[in-house]
Protein chains: 2
Amino acid sequence: MIKLDFQKSADGLLPAIAQDFHSGDVLMLAYINQAAWDKTLETGKAHYWSRSRQKIWLKGESSGNVQEIREILVDCDADCVIYKVEQRGGAACHRGFPTCFYRKLVEGNLEIVETRVFNPGEVYSFKG
Amino acid sequence: MIKLDFQKSADGLLPAIAQDFHSGDVLMLAYINQAAWDKTLETGKAHYWSRSRQKIWLKGESSGNVQEIREILVDCDADCVIYKVEQRGGAACHRGFPTCFYRKLVEGNLEIVETRVFNPGEVYSFKG
């Protein structure tokens, strides 16, 4: 069985990259601990550790935009993983964009390069 | 000018994802601090902060496999970036594979799904 190297970081968290299984677009990066990793493998849905809320987070638990795991890749040092996913709802970002990487650096400034799929105010009770 | 949120992590480091500009394959994940980020913008070549060596690291300084920046994306919280790069030498991983994510999880075990491009022993003086 695969063991990830959670000891690598002081806080026991490792980065997990969510990538669209079809397009290859990087959707988001979040963190996992052992429990979030176990829950992901057990359920086939992406789980992370929320650093702000200090709890396991089923991605999409508020928005419904869950990520169904299609494939998992593990890096050379076993300290980073890629979740290749089916992104439900067409948007991974809590700000309503398809990916969290909706801004491109152009001459030192950020330009929005994606189109909003949903209005965060209608989906979340907090201001996105 | 864009400011990344380096204060977000206790150690002042943020994850940077290197993605192949052409194929969209995720090549690797490494960490940046303010100095590595500045150096990347200044030179157009991917620089990271090496946690093991505690120094700025020009990716490819030993192997020659530098990463030329074609585009940079910044996430919603300004605490993660994607370097879209031209990967020189056809391999990003110090173990000689095209990407660091050369292993796929299959029924709890890891299977190698890429083909080695170079022999680490011939490229590095340390054992890869």
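Residues numbered from 1 in each chain as written. Chains lettered and ligands numbered in written order. Predicted model: local features only at pLDDT ≥ 70, side-chain atom pairs only at ≥ 80, totals over all residues. Heavy atoms only, no water.

### Here's the deal with the relation of the copies chain A and chain B
Item 1. Structural alignment of chain A on chain B gives an RMSD of 0.0 Å, achieved by rotating through 180 degrees and translating 0.0 Å along the axis. Accordingly, the operation relating the two chain copies is best matched by a two-fold axis. Residues of chain A ranked by C-alpha distance from the rotation axis are headed by Gly24(A), positioned 2.9 Å from it.
Item 2. In this assembly the copies share their binding face: 100% of the residues contributing to the interface of chain A also contribute to that of chain B. (Least-squares fit on C-alpha atoms with pLDDT ≥ 70 in both. Contact = heavy atoms within 4.5 Å.)

### Description of the interface of chain A and chain B
Think of interface size as the accessible area that goes away when the parts come together; that is how it is often given.
Item 1. If you look at the interface, chain A gives 37 residues, while chain B gives 37 residues.
Item 2. Between chain A and chain B, a total of about 3,000 Å² is buried, with carbon and sulfur atoms accounting for 64% of that surface.
Item 3. Ranking the residues of chain A by area buried against chain B places Cys76(A), Phe101(A) and Leu105(A) at the top, with a combined share of 21%.
Item 4. Counting across the chain A and chain B interface gives five salt bridges. (Buried area = accessible area lost by both parts, 1.4 Å probe. Salt bridge = Lys/Arg side-chain N within 4 Å of Asp/Glu carboxyl O.)

### Focus: helix H1 (residues 34-43) of chain B
Item 1. Listed as buried for H1(B) are Ala36(B), Trp37(B) and Thr40(B). Projected down its long axis, H1(B) carries its buried residues within an arc of 100 degrees, all on one side.
Item 2. In the core, the buried residues of H1(B) are packed alongside strand E7 (103-106) of chain A together with strand E2 (26-32), strand E3 (47-50), strand E4 (55-58), strand E5 (67-74) and strand E6 (81-87) of chain B. (Buried < 20%, exposed > 50% of the residue type's maximum accessible area, 1.4 Å probe, protein only. Helix = DSSP H or I, 4+ residues; strand = E, 2+ residues; numbered from the N terminus. Arc of directions from axis to C-beta.)

### Some thoughts on the state of the cysteines
Item 1. Applying the stated rule across the entire model yields zero disulfides over all chains.
Item 2. In this model Cys80(B) remains outside any disulfide bridge; the closest cysteine sulfur is found in Cys100(A), 8.8 Å from its own.
Item 3. Take Cys80(B): its relative accessible area is 2%, and that puts it in the buried class. (Disulfide = S-S within 2.5 Å.)

### Overview of helix H1 (residues 34-43) of chain A
Item 1. The inward-facing, buried residues of H1(A) contact strand E2 (26-32), strand E3 (47-50), strand E4 (55-58), strand E5 (67-74) and strand E6 (81-87) of chain A together with strand E7 (103-106) of chain B.
Item 2. A positive phi of about 75 degrees marks Gly44(A), the residue just after H1(A).

### Regarding the packing of aromatic side chains
All names here are of chain A.
Item 1. The tally for this structure, following the rule as stated, stands at eight aromatic pairs over all chains.
Item 2. On the basis of an interplanar angle of 45 degrees and a centroid distance of 5.7 Å, the ring pair of Tyr 48 and Tyr 83 is categorised as tilted. Residue Tyr 48 is found in strand E3, and its partner Tyr 83 is found in strand E6; the two are separated by 35 residues along the sequence. In terms of burial, Tyr 48 and Tyr 83 fall into one category: buried.
Item 3. Members of the aromatic cluster, joined through ring pairs, are Tyr 48, Trp 57 and Tyr 83. (Phe/Tyr/Trp six-rings, centres within 6.5 Å; stacked < 30°, edge-to-face > 60°.)

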